[in-house]
Amino acid sequence: MNMKNENEKKCLSVEDAANILSDTLQEVAERKTTLRRALVISRLALALSKIIEISNLKERVEFLEQSLKKRK
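Notes on the structure follow.

## Observations regarding the overall build of the protein chain
Thinking step 1. The secondary structure content of the protein chain amounts to three helices and zero strands.
Thinking step 2. Taken from N to C terminus, the helices and strands of the protein chain fall in the order α-α-α.
Thinking step 3. The C-alpha atoms of the protein chain give a radius of gyration of 18 Å, which is well past the 11 Å a tight globule of 72 residues would have.
Thinking step 4. By its C-alpha atoms, the protein chain is 60 × 35 × 15 Å across when sized along the principal axes.
Thinking step 5. A total of 72 residues make up the protein chain; the buried ones form 11% of that total.
Thinking step 6. Surface exposure of the protein chain reaches about 6,900 Å², of which carbon and sulfur atoms provide 57%.
Thinking step 7. Across the protein chain, the centroid of the 15 positively charged side chains sits 6 Å from that of the 11 negatively charged ones.

## Re the side chain of T33
Thinking step 1. Examined against the element boundaries, T33 turns out to sit in the loop between α2 (14-29) and α3 (35-71).
Thinking step 2. What makes T33 buried here is its relative accessible area of 14%.
Thinking step 3. Once residues lying within four places of it in the same chain are set aside, the contact partners of T33 are T24, E27 and V28.

## A look at the environment of E30
Thinking step 1. By secondary structure assignment, the location of E30 is in the loop between α2 and α3.
Thinking step 2. For E30, a relative accessible area of 39% translates into the label partly exposed.
Thinking step 3. Polar side-chain contacts of E30 include one of 2.6 Å to the side chain of Q26.

Reading the values: the criteria
Residues numbered from 1 in each chain as written. Predicted model: local features only at pLDDT ≥ 70, side-chain atom pairs only at ≥ 80, totals over all residues. Heavy atoms only, no water. Helix = DSSP H or I, 4+ residues; strand = E, 2+ residues; numbered from the N terminus. Rg over C-alpha atoms; globule rule 2.2 N^0.38 Å. Buried < 20%, exposed > 50% of the residue type's maximum accessible area, 1.4 Å probe, protein only. Areas by Shrake-Rupley, 256 points an atom, 1.4 Å probe, with all protein chains shown as cover. Lys, Arg positive; Asp, Glu negative; His and termini not counted. Charge placed at Lys NZ, Arg CZ, Asp CG, Glu CD. Contact = heavy atoms within 4.5 Å. Polar contact = N/O pair within 3.5 Å; in protein donor to acceptor, adjacent residues only side chain to side chain.

Such coordinate-based values are descriptive only and should not be taken to indicate function.
Structure below.
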């Protein structure tokens, strides 16, 4: 793996998190994964959703601030 690929980060979307949770739920139902592993995945997905929400709110606030500055 070259340095360029190591520095690139893949950002998961809400849809990606939902798909991961859905897959995990199916794996639990089929007894292909443990409840402990599913719990960890669900906690990570919750943290991701909070980060996405905060990021979206930050973008909206910045947009509103810029719009108000243009009005003055």
